[in-house]
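Structural characterization, general
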Amino acid sequence: MNFATMTDWKDQILSKLNEPQQQAVQTVRGPLLILAGAGSGKTRTIIHRMAYIIHVEKVPAHYLAAVTFTNKAAAEMRSRLLNTAGPIGSECTVRTFHSLGLYLLRRNAQYLEYPENFSIWDDSDQQQAISAILEKFPGKFNKTQYRYFANSISAFKDKLVTPQNLPDHIDLDEYEFNDILQEVYQLYEARKTASFAVDFADLISLPCHLFEKFPELLTRWQNRYPFWLIDEYQDTNFAQYKFVQHVASRDKNLCVVGDDDQAIYGWRGADVKNILDFGTDFKDATVIKLEENYRSTKVILDIANGVIENNYERMAKHLFTSREGGETPVLFTAADDVQEAAKVVSLVRQSLTDTPASEIAVLYRTNSQSRLLEEAMLNAKINYRVYGGLSFFARKEIKDILAYFKLIVNGKDEAAFARVINTPPRGIGDKSVEKILTARIDSRIGDFTDLLAQGDQNGLSGKARDAAAKLAEQLKALRKKAEARADLGFFLDELLEMTGLAKVYEEEDRLLGSGRMEYVGELRNSLLNYQRQTSQATLGDYLQQISLITTTEDHEAEKASVSLMTVHNAKGLEFETVIIAGFEKDLFPHFLAERDGDISEERRLFYVAVTRAKSRLYLTQAERRMRQGFYEQSKTSPFLNEIPHGLLRVEKGYSVGGSAPKPFKQSFIPRAPAAAKPTASSSPGFGSGINPQNKGGKFSSGDKILHSNFGKGRVLRLEGDGDSQRIHILFDDGKTRKFILKFTDLKII
Ligand code: ATP
Ligand code: MG
């Protein structure tokens, strides 16, 4: 499209829209709600409305802020906006809520009394801080209960509840450990503040608190962005809702779009009422409904509608499509989860003959399903990308190095310190670490580099003192190099050498084939790429840029890859071919929802999954699936019965490379031989559910092992004895798992 010669933007924009969409686009000022079903053009309307406001209403593009939920959706919105509005579209702000919150906090860090380069704590940083706090309550808790506290604290923040006003807003009787919950929350906040850090929930709640405390900041933001557009509004939680209310309350140029049938974040505090009450919040709101689905074929839409109709309390919506006919969707049943993955790969292959990889998606209900699918894709040499999963940045070696980066940029970051101090092991015991942390509180020296350097004063002696001093020197030297704006790739190499990490990873790779240095190489690529794109880039800038990454937005690579993601991450996206894996009871719908007796949110999730497909839809299921080292018999998803008759072809008993095994009588049986995983069959020690090597206490902590399902790892400890003896293993993927030794296929390597 030649933008320079295009004179009549108005016609150009409106010609791409149907009537109600045109009406929405032309309603430029005042509150506007578009409540409509999947694929009806809500996001398209947002994009065209932005183009219209810029080109027809002549509002400066930088006055517009659009917000959506996932990084991929934001990236897609940005590129669709450039296509529609031309290069000026890049002046609009298009971000996720979290990235917008971070942007605000970085620029206004002084209100928090933080430096601009404050850290962002992820789940494991949070875990570290909360575990340390729980130790103050001896005998009462074990470290693993940190998750309960972490979740509760995040939920409080999503409701804008602070430690101080907690008793006024929360009915503590409904919470476990309610005698100390408030105190833990308070201690956690103190620890986090001392580290100059914010956590994920803070990215939304802190801006809200700041807006209330500092009206001049709110005014500045209202002046900065007089036009707001919010996609997927049905999934806003209270803090996000408040954020929108604040920024849009003065000018009221607020357009929100959403679909109550796609509300899938209730479990995380999102409240569909926010969209249903929009008309009450803004009395003069214009409400527009869109009824034509332009995305999917009729048969796909009929499946989605057939299932969602089983939910109560829906807004009445009539979606139609003119895409009559189309391929009949198919449900395939494989003998087990490995064969299911093979089937998924063969469906992908088949689709690749006439569809680009970027138009094919494999969706699953839970993150843990991705590993088998990834393996199958790798073996078949199909380019794929996992979205939303932290597959790269969650790897141990990457987290190790990033912790160093963080500590170098922000010497006060306790979570980064806790990771760095004994990575690689340098003989500084827990007691010494605790001494440093205590000294930090007593001496009010915030920077860990200084604390490490003054080991003597802080009660360290001998080996620990020397090791701490050495680490302090390394950190200082590295900080100097970082400040000198050195080549970041070179900086990484120096860090790896100086700290000894390179040696450790190389050794592990050699002995275990862990591939750590390969991932470190990927990190180097990421650093170099970043530096190439951003001249004068610093280490701090890099950390800021990756802090919100759940996907790396590399469009070239994206074009040539099949997408793998959870259904939650697929929200708002569309693909020619969609394969939904794991269409089983207890998986989709998820067993927790079934246990709680309410699967309506799971049904909406299924509706989201199905409506991602434009032309082809496949469902797959496995007759048995491995869970914690055991095969469990599965049943088909109860949603199957809700799909209207004749819309789905059911292919039974599918099996790749052989006949399907006979149905299993037991519902819970140990892992069977070879069938599940070809690589396992060649390894001695595998083959039966009960591993003879596991009897007689052959394992001890520190042993390197190979697990039939989870691969390589190291024994952390053994627990109990006899038949119920358990073994805790830290696997190369960074996860710790616990098994009953007797039933686990394990061997020392
Ligand atoms: P979801 O609820 O899944 O987020 P949505 O309502 O945001 O869906 P869009 O993604 O905006 O829907 O649109 C779905 C598809 O239909 C897109 O490919 C879009 O370009 C196309 N589409 C929407 N409206 C029209 C139209 N008036 N003419 C042609 N194509 C359209
Ligand atoms: Mg959309």
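Quick summary incoming for the structure in this document. (Residues numbered from 1 in each chain as written. Chains lettered and ligands numbered in written order. Predicted model: local features only at pLDDT ≥ 70, side-chain atom pairs only at ≥ 80, totals over all residues. Heavy atoms only, no water.)

Considering the overall build of the protein
- In terms of helices and strands, the protein carries 32 helices and 22 strands.
- Taken over 749 residues, the protein has a buried fraction of 56%.
- Relative to all contacts within the protein whose residues are 6 or more apart in sequence, the contacts with residues 24 or more apart total 74%. (Helix = DSSP H or I, 4+ residues; strand = E, 2+ residues; numbered from the N terminus. Buried < 20%, exposed > 50% of the residue type's maximum accessible area, 1.4 Å probe, protein only. Contact = heavy atoms within 4.5 Å.)

Points about helix α27 (residues 539-546)
- Of all the positions in α27, only L539, Y542, L543 and I546 are classed as buried. Projected onto a plane normal to the axis of α27, the buried residues spread over an arc of 100° and lie on a single side.
- Where α27 is buried, its residues contact α19 (396-409), α23 (462-483), α24 (488-499) and α26 (516-533). (Arc of directions from axis to C-beta.)

A look at helix α7 (residues 123-134)
- Between its terminal C-alpha atoms α7 stretches 16 Å, which fits the 16 Å expected from twelve residues at 1.5 Å a residue.
- The inward-facing, buried residues of α7 contact β4 (119-121), α8 (146-158), α10 (181-194), β5 (197-199), α19 and α20 (414-420). (Expected span 1.5 Å × (residues − 1).)

Looking at the packing of helix α5 (residues 97-107) against helix α12 (residues 215-224)
- Put simply, α5 and α12 touch, their axes get as near as 13 Å, and they point 125° apart. Taken as axis vectors, α5 and α12 run oblique relative to one another. Remark: the crossing between α5 and α12 carries right-handed chirality. Packed against α5, whose contacting residues are L100, Y103 and L104, the element α12 presents L217, W221 and R224 at the interface.
- For the contact of α5 with α12, a count of residues per class yields five nonpolar, no polar and one charged. (Axes fitted to C-alpha atoms, helices over the stretch in contact; angles between N-to-C directions. Parallel < 35°, antiparallel > 145°, perpendicular 65-115°, else oblique. Left-handed = near helix turned anticlockwise from the far one by under 90°. Nonpolar A, V, L, I, M, F, W, Y, C, P; charged D, E, K, R; others polar.)

As for the pattern of salt bridges
- Applying the stated criterion across every chain yields a total of 39 salt bridges.
- A salt bridge links E359 to K614, with the nearest nitrogen and oxygen atoms 3.3 Å apart. You can see E359 sitting in the loop between α17 (337-352) and β10 (360-364) and its partner K614 sitting in strand β14 (residues 613-627), a full 255 residues away along the chain. With respect to burial, E359 and K614 carry one shared label: buried.
- We note a salt bridge from E602 to R365, for which the minimum N-O separation is 2.8 Å. Of the two residues, E602 sits in helix α31 (residues 600-610) while R365 sits in the loop between β10 and α18 (370-379), which places them 237 residues apart along the sequence. (Salt bridge = Lys/Arg side-chain N within 4 Å of Asp/Glu carboxyl O.)

Focus: the packing of α19 against α23
- Remark: α19 packs on α23, axes separated minimally by 9 Å, with the N-to-C direction vectors making an angle of 75°. Of the possible angle classes, the one that applies to α19 and α23 is roughly perpendicular. Of the residues in α23, those in contact with Y404, L407 and I408 of α19 are L471, L475, L478, R479 and A482.
- When its residues are assigned to classes, the contact of α19 with α23 shows seven nonpolar, no polar and one charged.

With respect to the site of ligand 1
- Taken together, 20 residues are adjacent to ligand 1, and K42, T43, R44, E574 and R612 come closest.
- Here a nitrogen atom of ligand 1 sits 2.9 Å away from a polar atom, N or O, in the side chain of Q21.
- A distance of 2.8 Å separates an oxygen atom of ligand 1 from a polar atom in the side chain of Q262.
- Here ligand 1 loses 86% of its free accessible area of 630 Å² to cover by the protein chains.
- When residues of the shell around ligand 1 are assigned to their parent elements, the largest contribution, three residues, is made by helix α3 (residues 42-55).
- Its residues assigned to classes, the shell around ligand 1 shows three nonpolar, nine polar and eight charged. (Near = heavy atom within 4 Å. Polar contact = N/O pair within 3.5 Å; in protein donor to acceptor, adjacent residues only side chain to side chain. Areas by Shrake-Rupley, 256 points an atom, 1.4 Å probe, with all protein chains shown as cover.)

Let's talk about the nonpolar core
- If you look at the biggest cluster of nonpolar residues, it comprises 46 residues, and the most contacted ones within it are W221, W228, I230, F243 and L254.
- The contact partners of L254, leaving out residues within four places of it in the chain, are G30, P31, L32, W228, I230, V244, A248, F278 and F282.
- Grouped together as the second largest cluster of nonpolar side chains are 45 residues, I398, A439, F491 and L543 included. (Core = buried A, V, L, I, M, F, W, Y, C linked by side-chain atoms within 4.5 Å.)

Overview of the packing of aromatic side chains
- Per the counting criterion, the structure on display carries 26 aromatic pairs.
- Through successive ring pairs, a cluster of aromatic residues spans F69, F97, Y103, F211, W221, Y225, W228 and F243.
- When the ring centre of F118 is taken as reference, the NZ or CZ atom of R106 above it lies at 4.3 Å. (Phe/Tyr/Trp six-rings, centres within 6.5 Å; stacked < 30°, edge-to-face > 60°. Lys NZ or Arg CZ within 6 Å of the ring centre and 35° of its normal.)

Function cannot be read off these values alone, since they describe shape.
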